[in-house]
Amino acid sequence: MIQITNLVKNYGSKFAVDDISFRVGKGEIVGFLGPNGAGKSTTMNILTGYLSSTSGEARVGGIDILENPYEAKKLIGFLPEQPPVYPDMTVDEYLNFVYEIKQCKLNREKHLLEIRTVTKIDDVRHRLIKNLSKGYRQRVGIAQALVGNPPVIIFDEPTVGLDPKQIIEIRNLIRNLGQNHTVILSTHILSEVQAVCDRIVIINEGKIIADEKTENITRVVEENRKYNVKVCGPQREVQAAINGIPGVVSVDATGERDGDSYTFQIEAEKGNDLRKALFYAMSERNWPIIGLEAVGMNLEEVFIKIMDADLTRRR
Ligand code: ADP
Ligand code: MG
């Protein structure tokens, strides 16, 4: 459904997108993951015809976006990083306006009601967009992308600035859309693509460094076994005791102290879950564990892991 081939975009000597290629099949939900400045928005803006490329090709439904932008754009619903909403219109006025612009042929009342319902904005349809909360405004942005029921949905950082409850709602909405649309969404949050996407394309400094099924990326990430544990006991002795547990690679005192407890960061051998052994080692000495949590990797660490695991054939 989407084919990007050797796409390049440079600004002077700076390559925002540096020769990337990937495909998205019909009905897939693909996550485009990368840190800020990686080239996600540039790629999406090119793919949706908002920006021209320096070289390479982007096709949607087989149609080249540069050669035939009008036809290609009809297939796409796009939520840009800055949603193109008009603050002085009401939600209803705005969606009708988008309906006109897109020259939508679907039954207007029925179609717009359906969109307001799935995006949960029906209750604010008569409000001015400028008076809406960030979460509602984002949903109005998603609603405009759905007008005309395009087969391809492209969302650039759809959950930025939303609170946790709104994030869950938007993720569920995207997952539902994925049932009968082809979806690409960009994000800099690993857990977001893990929660929603079938496949993850990772971009860093304008280059694709991995293109894999989500489960493969998740497997690599979960091999990481780092924990923060908070123990009430004498710092040095506790550290030495943890160090003596089979499977511990390293243990560092984080310097955090809370009453008579200290926090340590433990790294375990790959595939070795040593939480039970840790419990017994501490209880044997009457040192209560009052906190234990897995420490997630940041995106940089994830990238390094993935590069090490050599998951991708594209590099
Ligand atoms: P992302 O969306 O992944 O955060 P972008 O695609 O927005 O990244 O940007 C990729 C790189 O291109 C960044 O380093 C950014 O500074 C640069 N860039 C984007 N737009 C321009 C522009 N109009 N002029 C110069 N550099 C730009
Ligand atoms: Mg961006």
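Residues numbered from 1 in each chain as written. Chains lettered and ligands numbered in written order. Predicted model: local features only at pLDDT ≥ 70, side-chain atom pairs only at ≥ 80, totals over all residues. Heavy atoms only, no water.

Engineer: Help me out: how do you make sense of unusual backbone geometry in this one?
Structural biologist: Trans is the common state for peptide bonds, and a negative phi is the common state for residues other than glycine. The phi dihedral of K120 falls on the positive side, at around 55°, and the residue is not glycine. Within the secondary structure, K120 sits in the loop between α4 (108-118) and α5 (134-146). For K120, a relative accessible area of 51% corresponds to the exposed category. For E205, which is not a glycine, the phi torsion comes out positive at approximately 50°. Here E205 is to be found in the loop between β9 (199-204) and β10 (207-213). (Helix = DSSP H or I, 4+ residues; strand = E, 2+ residues; numbered from the N terminus. Buried < 20%, exposed > 50% of the residue type's maximum accessible area, 1.4 Å probe, protein only.)

Engineer: What should I look at first to understand the coordination of the magnesium ion (ligand 2) in this one?
Structural biologist: For a metal bound by four donors in a tetrahedral arrangement, the ideal donor-metal-donor angle is 109.5 degrees, while six donors in an octahedral arrangement ideally sit at 90 or 180 degrees. At the metal site, the magnesium ion (ligand 2) is ligated by S41 (OG) and E81 (OE), and these contacts range over 2.0 to 2.6 Å. On the criterion of sequence distance, the pair formed by S41 in helix α1 (residues 40-47) and E81 in the loop between β6 (76-79) and α3 (91-101) is long-range, its members being 40 residues apart. (Donors = N, O, S within 2.8 Å, 3.2 Å for Na, K, Ca; no water.)

Engineer: Looking at this structure, I do not really get a nonpolar patch on the surface. What am I missing?
Structural biologist: On the surface, a cluster of nonpolar side chains totalling about 290 Å² of accessible area is made up of Y86, F97 and I101. Looking at where I101 falls in the secondary structure, it is placed in helix α3. (Patch = residues over 30% accessible without salt bridge, like charges linked within 9 Å, V, L, I, M, F, W, Y side chains within 5 Å. Areas by Shrake-Rupley, 256 points an atom, 1.4 Å probe, with all protein chains shown as cover. Salt bridge = Lys/Arg side-chain N within 4 Å of Asp/Glu carboxyl O.)

Engineer: Would you mind going over the packing of aromatic side chains with me for this structure?
Structural biologist: Geometry of an aromatic ring pair is reported as the spacing of the ring centres plus the angle between the planes. Under the definition given, this model contains five aromatic pairs. With 5.3 Å between their ring centres and 40° between their planes, F22 and F32 make a pair best called tilted. With F22 in strand β2 (residues 14-24) and F32 in strand β3 (residues 29-33), the pair connects residues that are ten residues apart, well separated along the chain. Plain terms: the ring middles of F279 and Y280 are 5.1 Å apart, the flat faces sit at 75° to each other, and that makes the pair edge-to-face. (Phe/Tyr/Trp six-rings, centres within 6.5 Å; stacked < 30°, edge-to-face > 60°.)

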